[in-house]
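Listed here are the chains, written in short residue letters.
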Amino acid sequence: VAALCRTRKLPAQVAVEERMGCGYGLCGTCAVPVARKDGTGWDHARACVDGPVFNPARILWDRWPSAAASADVEENGAAV
Amino acid sequence: VTQPKRSLAVDLGGLLLTTPVLIASGCAGTGRELSGLVELRKVGGIVTRTITVEPRPGSAPPRIAETRSGIVWNTGRQNPGVDAFIGAELPSWAKVGTPLIVSVGGGSLEEYVRVTSALQGQPGVHGIEIDLSGPDDELERPMLGAHVERVTEIVGAVARMSLVPVFAKMPGGLDVVPIAIAAARAGATGLTLTGSPPAYAIDTSSMRSTLGAGPGWLSGPALKPLTLRAIADVTRALPRMPLLASGGIASAADAIEALLAGASAVQVGVAAMIDPAAPVSIAQGIVTELKRRSLSSPMQLRAAMRAAEVAT
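Residues numbered from 1 in each chain as written. Chains lettered and ligands numbered in written order. Predicted model: local features only at pLDDT ≥ 70, side-chain atom pairs only at ≥ 80, totals over all residues. Heavy atoms only, no water.

A. Expanded view of the sheet that holds strand β6 (residues 70-73) of chain B. Residues and elements named next belong to chain B. With antiparallel pairing, the four strands of this open sheet are ordered in space as β5-β6-β14-β11. Among the strands making up the open sheet, the edge pair consists of β5 (64-67) and β11 (198-199). Pairing geometry for β6 and strand β14 (residues 216-219), over three bridges, is antiparallel. Bridge pairing links Ile71 to Ser219 in β14. (Pairing = 2+ DSSP bridges. Helix = DSSP H or I, 4+ residues; strand = E, 2+ residues; numbered from the N terminus.)

The following block contains the structure:
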C-alpha cells in the first residue's frame, strides 16, 4: 500500500503492527523505524503509543525486518 | 494488646522508600506514560531504562519473543542520551515525585563517568543503578560485569563521584557472589540481584533468531528461583548489604519469598508490563502478610528468617 501510494503520489496513512511487550509505552519493545520530521535522521518509535498509525513515507521500510518478512509471506500466498 | 504501628518503609543505605516495591529498569516508560495507569505515590521507587552518553537507536525489531514462562527480549538500550534525558524526561519524573533511580550504562569506564557526572546534582535523581550487563566496547568483551576487576573499576568510579546512593545491578546467569563482593568493596550502597540472564529464541519458519538483534535476555516468572538463590547466596556473603531482588517477582507471595531470602526490597518488571498497578497490589499484599504474622515492618520478615535459620 505504501509503495502504491508513493508511485501514484497519493496521501496515505498506515496502521502498523509490531510485537508488543506492554502496550502502554513503558517497555520500548514495539519499535518501528520512523524518520524525524526535521529530516535529521530517524528514531525507533513505539507502535503502541507513538502510532500505530504512521505516514508510510516516514517509515524506513528497509530498516524494519518484521514488515519485510510479512510482505514476503503475503507475496508467496502462504498467509492472508 | 495494641497492634504495633505497621510501616512498609525501607531504608536502602540512605535511600528512603515508602514501600519496598520498585519498578525495574526498562519497564517504566519515559515519565509520562505511567501517571494515568497507576497511583505512582504508592510505588516505592522507579528505576529508569538505562541511560548512556550518546543517544542509542536500540535493536532492530522484533525485540521480544514469548516463552512458556517469560519473555526473551533485546531492546538494545534504546535511549535519547543523557543530555536529552535530563532535558526532556527528568522534569516529568521529578513531577511524579516517586523516588527515581537512574540506570546508568556504557561500554567504557569513561561513559559511566560521564553519565554519572551529567546526573550529578540534578533535581529528581534519588539514586543511581549501574547496569553492568552490556558489552565492554573498550576491552572488547561480551559482558562488562562478568569480570571482577572491571566491576571494581566501574562501580568504584561511579560510587566515588555520586552524591546519591549507588546500586550495582549484577548481571544474571553467572556466579554472582564474587562480583557482588567486588561491587560492595568498591563502594556500592546496595546491589540489585540480578539482571536478565542471556537467552535465545528461534523462529522455525524463518530458521533464524526470532529477535531482530539475534541473541536476547530472559525475563519473567522463570527467573524467580534464580533470583532467590542469588539473594540467599549474597545475603550469606554480605549480610549487611541492602539487596534489591529483581527477576520473576510477580506477586506479593514472590516478594515475601525474596524478603525472607534476605532482600530489602524487590523490583517488578514483566509483572508491571502486564499490569502497571502490580507494584501497588504487591505492596498491599505485603501489608496483609505482615498483619497475619503480627510484624510491623518488612525488615522484621528478614530477621524472622535469620532467627529460624539459627534455630535449626
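On we go.
B. Inspection of the sheet that holds strand β4 (residues 45-51) of chain B at higher detail. Residues and elements named next belong to chain B. Taken together, eight strands build a closed barrel; the order of strands is β3-β4-β7-β8-β9-β10-β15-β16 and the barrel is parallel. The average angle at which neighbouring strand axes cross in this sheet is 25 degrees, direction not considered. Bridge count for β4 against strand β7 (residues 100-104) is four bridges, and the pairing is parallel. Note that in β7 the partner of Val47 across the bridge is Ile101. (Axes fitted to C-alpha atoms, helices over the stretch in contact; angles between N-to-C directions.)

C. Representation of the interface of chain B and chain A. At the junction of the two partners, chain B supplies 24 residues and chain A supplies 18 residues. The shortest N-O distance in the salt bridge between A:Arg46 and B:Glu33 comes to 2.7 Å. There are seven residue pairs in polar contact (both at pLDDT 80 or more) connecting chain B and chain A. Broken down by secondary-structure element, the contributors of at least two residues to the side of chain B that touches chain A are β5 and α7 (270-274) of chain B. Ranked by residues supplied to the side of chain B that touches chain A, first place goes to α7(B) with three residues. Counted by class, the side of chain B that touches chain A contains 14 nonpolar, eight polar and two charged residues. (Contact = heavy atoms within 4.5 Å. Salt bridge = Lys/Arg side-chain N within 4 Å of Asp/Glu carboxyl O. Polar contact = N/O pair within 3.5 Å; in protein donor to acceptor, adjacent residues only side chain to side chain. Nonpolar A, V, L, I, M, F, W, Y, C, P; charged D, E, K, R; others polar.)

D. How the structure looks around helix α1 (residues 82-96) of chain B. All names here are of chain B. Remark: the principal bend of α1, roughly 45 degrees, maps to Glu89, with a proline, Pro91, within the next four residues. Within the sequence span of α1, burial applies to Val82, Phe85, Ile86, Glu89, Leu90, Ser92, Trp93 and Val96. Buried residues belonging to α1 abut β4, β7 and α2 (109-119). At the C-terminal side of α1, Gly97 shows a positive phi close to 85 degrees. (Bend = angle between axes of the 7 residues up to and from the residue. Buried < 20%, exposed > 50% of the residue type's maximum accessible area, 1.4 Å probe, protein only.)

E. Expanded view of the nonpolar core. Residues and elements named next belong to chain B. Residues Leu119, Leu132, Met170 and Leu191 are the most contacted members of the largest nonpolar core, which totals 82 residues. No other element matches helix α4 (residues 176-185), which puts seven residues into this core. Residues contacting Met170, with those up to four places away along its chain left out, are Leu132, Val176, Ile179, Ala180, Ala183, Leu191, Thr192, Leu193, Thr194 and Gly195. (Core = buried A, V, L, I, M, F, W, Y, C linked by side-chain atoms within 4.5 Å.)

F. Seen up close, the environment of B:Asp137. As for its placement among the helices and strands, B:Asp137 is situated in the loop between β8 (127-131) and α3 (148-161). Sequence separation between B:Asp137 and B:Gly248 is 111 residues, and the spatial gap between their C-alpha atoms is 29 Å.

G. Local environment of the environment of B:Gly187. With respect to the helices and strands, the residue B:Gly187 is situated in the loop between α4 and β10 (190-193). Each C-alpha atom, one on B:Gly187 and one on B:Tyr112, is 15 Å from the other, the two residues being 75 residues apart in sequence.

H. Region of the structure containing the packing of aromatic side chains. Residues and elements named next belong to chain A. Under the criterion given, the structure shown has one aromatic pair over all chains. Both rings, one in Trp61 and one in Trp64, keep their centres 5.8 Å apart while their planes meet at 35 degrees; by these two values the pair is tilted. Residue Trp61 is classed as partly exposed on the basis of its relative accessible area, which comes to 29%. (Phe/Tyr/Trp six-rings, centres within 6.5 Å; stacked < 30°, edge-to-face > 60°.)

I. Geometry of helix α8 (residues 278-292) of chain B. Residues and elements named next belong to chain B. Taking 1.5 Å of rise per residue, 15 residues should cover 21 Å, and α8 covers 21 Å from first to last C-alpha, within 8% of that figure. Among the residues of α8, Ala278, Pro279, Val280, Ile282, Ala283, Ile286, Glu289 and Leu290 are the ones counted as buried. A positive backbone phi angle near 55 degrees is found at Ser294, which sits one or two residues after α8. (Expected span 1.5 Å × (residues − 1).)

Everything listed is a geometric property; what it means functionally is a separate question.
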